[in-house]
Amino acid sequence: MFTPAEMEALLLSIKVALWATVVSLPIAIAAAYGMARNQFPGKMIVEALIHIPLVVPPVVVGYLLLVTLAPSTSFGAWLQTIGLNPAFKWQGAAIASGLMALPLMIRSMRLSFEAEPHVYREVAATLGASAFKRFWRISLPLALPGILSGTALGFARAIGEFGATITFAANIPGVTQTLPLALYSAAQTPGGELVAARLALLCLFPAVFSLIASEWLARKARNRRGFG
Amino acid sequence: MTGETSINVQWDNEDRTGEASFLLADGVTALIGPSGAGKTTLARLIAGLDLPNAGHIEIDCQTVFDSAKTTNLKPESRYIGYVPQEPSLFPHMSVAANIRFSARCSPDQVGQYAQDAGISDLMPRMPHTLSGGEARRIAIVRALASGSKLLILDEPMNGLDPKRRKAMMAMIRKTARATGIPVLLITHQIEEMLNTADYAVLMDKGRLVTHGRMEDVMAAPETAKIMHYDDAGSVVEVLVTGRNEGVLETKLRNTLFYLPDENEPEGARLRLRILAQDVALALSPPPGISILNQLPCTVISASRRGSGQHVELAIEENGASLQCRITDKSFHELGIKPGMKLIALIKAVAVRELLTDTPG
């Protein structure tokens, strides 16, 4: 049905987006929880920094990654010597798309943490539960629907990531050429219209699947406790 | 039996300031006052959920807060079971998981608490399938299971129908007796205090007004004023000594007092409410009358209250206090004045029984 090249791009896209989401998930949860629960000086600045990938053109994010991590920079050169430089590798694509997905994930999770009535964690404290236990057994499970939808949103965003990826990881078929990048190349090639259309169709699958899966899981979590 | 529990705090958060200082005795202590009196604020300070400005809190001989020594234990180290007014069962856990959440008592002990509270059958249920009364009882069992040394219940009868309210009051009293854990019961209802508490702490506008034995707090004139409480009357305790011809014989201190027999066992202590309007006065024992209780009394004081006269009496044999309400006409015809000796007439069936503590 699909050519090996198309399947390669699809599988690479899924691999990149999965890694981007899995690595971003704990960071997003920690940031969302920290922002929802704490008041600290400079919170506004941290909030603005978190939202940068949402408001600047993705190319700028890719460019910033490039000027800090490219092998031509001193930090990039050092990373290169220990074999961990992500530029122009699939790991680079994962970093770029993870960074772009992060603010979306944090926003959705933070709303969930903020929506939790404080009575549960207060009572849990009087019952003798430590701060970690209150987070792990109360706040985290109660925020689960928001965490799931945030994760799905992040995954979909990572699958669709284009600008930051092409700038930082480049467009190397079989290495960093994810579905959107392959679609872009096909559209640039004379006579590539059909291939472009097939790739566009292919882009829908992982994104739609992740949204449906998260909605289903979130509904299950809500039904168990009797609302929604 | 538990060690000393003393509360002494001042607070000043945002728009509310206040202070309270009292020793907490074993048994049920009602923290009573109108809404906005600072009852919940005080409860949260004791539980460690909010920080007092100054003071000293000692639970079972352990200092949990002291502003001078900068001691401030976290709520999780205070061993205070706090059951707030709003639903607090964790919605994503079954009843059993809620109770197990932080159980520090043995499983047998927890099972006993659950059985006493009548919630054993609810264990597999999820909180959203429970009634308000069931959820409150489970929250109380959960607090007990966590090994609390003090139980704070914030308006546990709120929103319950009269039958469940009565059952809840009985359960609270039974729990306090069976476990020996002191209970601080927050309420704005005189009725709830009368039916559960041994001691009372009256608060108004962030200040502690009076505290002590429930009967004494009930008799204090401030209580009637602050609680807008018109049903003047006295609360007395009697001991069941026997029964005769369908009538219960009890002792009010050393005075024989008759009550309708409702199968209270001999040796039981009853708490009675004698409303001032149910007490009549006579100059001498009237012949041929159905009223069983005819107690020689001395007038302590008399004052006009509402549309009639309020007379404070002391039972001659033992000085126990009685209150009586009569019309101006009767008052003047009898020529009542302090020091005068009278017979107080109390219909046995007019006496309201608040609670029964059976022996053992």
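Thresholds, definitions, all that
Residues numbered from 1 in each chain as written. Chains lettered and ligands numbered in written order. Predicted model: local features only at pLDDT ≥ 70, side-chain atom pairs only at ≥ 80, totals over all residues. Heavy atoms only, no water. Helix = DSSP H or I, 4+ residues; strand = E, 2+ residues; numbered from the N terminus. Buried < 20%, exposed > 50% of the residue type's maximum accessible area, 1.4 Å probe, protein only. Polar contact = N/O pair within 3.5 Å; in protein donor to acceptor, adjacent residues only side chain to side chain. Contact = heavy atoms within 4.5 Å. Phe/Tyr/Trp six-rings, centres within 6.5 Å; stacked < 30°, edge-to-face > 60°. Lys NZ or Arg CZ within 6 Å of the ring centre and 35° of its normal. Patch = residues over 30% accessible without salt bridge, like charges linked within 9 Å, V, L, I, M, F, W, Y side chains within 5 Å. Areas by Shrake-Rupley, 256 points an atom, 1.4 Å probe, with all protein chains shown as cover. Salt bridge = Lys/Arg side-chain N within 4 Å of Asp/Glu carboxyl O. Expected span 1.5 Å × (residues − 1). Axes fitted to C-alpha atoms, helices over the stretch in contact; angles between N-to-C directions. Parallel < 35°, antiparallel > 145°, perpendicular 65-115°, else oblique. Left-handed = near helix turned anticlockwise from the far one by under 90°. Nonpolar A, V, L, I, M, F, W, Y, C, P; charged D, E, K, R; others polar. Pairing = 2+ DSSP bridges. Domains from an automatic or database assignment. Buried area = accessible area lost by both parts, 1.4 Å probe.

Let's shift gears to the side chain of N195 of chain B. Residues and elements named next belong to chain B. Turning to its location among the elements, N195 is positioned in helix α6 (residues 190-196). Judged by relative accessible area, N195 falls into the buried class, the value being 15%. Of note is the side chain of N195, whose polar atom sits 2.8 Å from the backbone oxygen of E191. For N195, the contacting residues outside a window of four places in its chain are M169, R173, L354 and L355.

One pass over the full model with this rule turns up 9 aromatic pairs over all chains. Taking 6.1 Å as the distance between ring centres and 25° as the angle between the ring planes, the aromatic pair formed by F75 of chain A and W78 of chain A counts as stacked. With a gap of 3 residues between them, F75 of chain A and W78 of chain A both fall in helix α4 (residues 74-81), about one helical turn apart. Among the aromatic residues, those joined into a cluster by ring pairs are Y33, F113 and F135 of chain A. In this structure, K15 of chain A packs its charged tip against the face of W90 of chain A, placed 4.4 Å from the ring centre. Positioned above the aromatic ring of Y79 of chain B, the side-chain terminus of K149 of chain B is 5.1 Å from the ring centre.

What follows deals with a nonpolar patch on the surface. On the surface, a cluster of nonpolar side chains totalling about 400 Å² of accessible area is made up of W19, V22, V23 and I27 of chain A. Following the sequence through the fold, V22 of chain A ends up in helix α1 (residues 4-37).

All right, on to helix α11 (residues 193-224) of chain A then. Residue and element names in this part refer to chain A. With 32 residues, α11 extends 48 Å between its outermost C-alpha atoms, agreeing within 8% with the 46 Å of an ideal straight helix rising 1.5 Å per residue. Residues A196, L199, L202, C203, P206, A207, S210, S214, A218 and A221 constitute the buried set of α11. Buried residues along α11 sit against α1, α8 (144-160) and α10 (179-188).

Moving on to the packing of helix α2 (residues 43-55) of chain A against helix α5 (residues 90-115) of chain A. Angle between the axes and distance between the axes: these two values describe a pair of packed helices. Residue and element names in this part refer to chain A. Where α2 meets α5, the axes come as close as 6 Å, and the angle between the chain directions of the two elements is 125°. Classified by the interaxial angle, the pair formed by α2 and α5 is oblique. With respect to the hand of their crossing, α2 and α5 are arranged in left-handed fashion. Across the interface between the two elements, K43, E47, I50, H51, P53 and L54 of α2 pack against L99, M100, P103, L104, I106, R107 and R110 of α5. The residue inventory of the contact of α2 with α5, partitioned by class, reads 8 nonpolar, 1 polar and 4 charged.

Another point: the sheet that holds strand β14 (residues 255-260) of chain B. Residue and element names in this part refer to chain B. Across the sheet, which stays open at both edges, the 5 strands sit in the order β14-β13-β12-β15-β21 with antiparallel pairing between neighbours. The open sheet is flanked by β14 and β21 (352-357), the only strands paired with a single partner. Taken over all neighbouring pairs, the strand axes of this sheet differ in orientation by 40° on average, direction set aside.

Here we come to the domain arrangement of chain B. All names here are of chain B. As far as domains go, chain B holds domain 1 (5-227) and domain 2 (234-357). Computed from C-alpha coordinates alone, the two centres of domain 1 and domain 2 are separated by 34 Å. The interface of domain 1 with domain 2 comprises 13 residues on the first partner and 8 residues on the second. Between domain 1 and domain 2, the buried area comes to about 900 Å², and carbon and sulfur atoms account for 45% of it. The interface formed by domain 1 and domain 2 contains 2 salt bridges. With a shortest N-O distance of 3.8 Å, R352 and E191 are connected by a salt bridge. At the boundary of domain 1 with domain 2, the tally comes to 2 residue pairs in polar contact (both at pLDDT 80 or more). Contributing elements (two or more residues each) for the side of domain 1 that touches domain 2: α5 (162-179), α6 and α7 (214-219). A per-element tally of the side of domain 1 that touches domain 2 places α6 first, with 5 residues.

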